[in-house]
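Structure assessment
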Amino acid sequence: QMDPANICPLFLNLASCFLFMMNNYIIEPSSAYYANALGTSDALSGIMLGAAPWFALLSSVGYSIWTNSSYKTPIVFATILMVIGNTLYASAYSYMSMEMCLIGRAISGLGAPRIINRRYVAD
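Rules used throughout
- One numbering rule holds for all chains: residues counted from 1, following each sequence as written.
- Local features in a predicted model are, by the rule used here, given only for residues with pLDDT of at least 70; side-chain atom pairs are given and counted only at 80 or more, and totals for whole chains, interfaces and linings are based on all residues.
- Computation of side-chain values covers all heavy atoms of the structure but excludes hydrogens and water.
- Secondary structure elements are defined from DSSP: runs of H or I of at least 4 residues count as helices, runs of E of at least 2 residues count as strands, and each element is numbered from the N terminus.
- Partly exposed describes any residue whose relative accessible area lies between the buried limit of under 20% and the exposed limit of over 50%, with all areas from a 1.4 Å probe on protein chains only and scaled to the type maximum.
- Side-chain rings of Phe, Tyr and Trp, where Trp is taken by its six-membered ring, are said to pair if the distance between their centres is within 6.5 Å; with planes under 30 degrees apart they count as stacked, over 60 as edge-to-face, and otherwise as tilted.
- Comment: the charge-over-ring label is applied if NZ (Lys) or CZ (Arg) is within 6 Å of the ring centre and within 35 degrees of the ring normal.
- Expected helix span is taken as 1.5 Å per residue step, with the number of steps being one fewer than the number of residues.
- We call two residues in contact whenever any of their non-hydrogen atoms come within 4.5 Å of each other.
- We define a nonpolar core as any set of buried Ala, Val, Leu, Ile, Met, Phe, Trp, Tyr and Cys residues linked to one another through side-chain atoms lying within 4.5 Å.

1. Details of unusual backbone geometry
The backbone of Met 96 shows a phi angle near 50°, a positive value even though the residue is not glycine. Relative to the assigned elements, Met 96 resides in the loop between helix H3 (72-95) and helix H4 (98-110). Of the residues examined, Met 96 reaches a relative accessible area of 45% and is grouped as partly exposed.

So this is what it looks like as structure tokens:
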């Protein structure tokens, strides 16, 4: 029997995981078109795709240490970073700036909540 107090945090954890994964699945098929629309070559679409996972790898160590004491603060912080990163990524088209796009993807990677989601479910 599941404790009713655990339903809301588990649902929020699932929603966070879903939104993070959708962040990748929406960007992957259209990255070459987006790079071309920003006036750059297709080669930069690979960097655009690879920026988030590399920065997620760096942030996962910090989140792993941070979640030893709390889950709420790291997940809120990661969500804020994801919102800022995705806003920069989307705004890059208005400014025709590939640099803004890459910075947005890097910040989205820093806000990747996967390690927090996994640790929450494991505990």
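2. Brief notes about the packing of aromatic side chains
A full pass over the atoms with the stated rule returns five aromatic pairs. Plain terms: the ring middles of Tyr 63 and Trp 66 are 6.3 Å apart, the flat faces sit at 15° to each other, and that makes the pair stacked. Residue Tyr 63 and its partner Trp 66 are located together in helix H2 (residues 43-66), separated by three residues, close to a single helical turn. The ring of Tyr 89 has Arg 105 sitting right over it, with the charged end atom 6.0 Å from the ring centre.

3. Quick word on H3
The end-to-end C-alpha distance of H3, which contains 24 residues, comes to 34 Å, matching closely the 34 Å that a straight helix rising 1.5 Å per residue would cover. Each element contacted by the buried residues of H3 is listed here: helix H1 (7-37), H2, H4 and helix H5 (114-122). Within two residues after H3, Met 96 carries a phi angle of roughly 50°, on the positive side.

4. Describing the nonpolar core
Counting 10 residues, the largest nonpolar core consists of Ile 27, Tyr 34, Ala 35, Leu 38, Met 48, Tyr 89, Ala 92, Met 98, Met 100 and Cys 101. Listed by contribution, the elements that provide at least two residues to this core are H1, H3 and H4. Excluding residues that lie within four positions of it along the chain, Ala 92 makes contacts with Tyr 34, Leu 38, Ser 97, Met 100 and Cys 101.

5. With respect to the environment of Tyr 89
Relative to the helices and strands, Tyr 89 resides in helix H3. Assessed through its relative accessible area of 11%, Tyr 89 is described here as buried. Residues within four places of Tyr 89 in sequence aside, it is in contact with Ile 27, Tyr 34, Met 48, Cys 101, Gly 104 and Arg 105.

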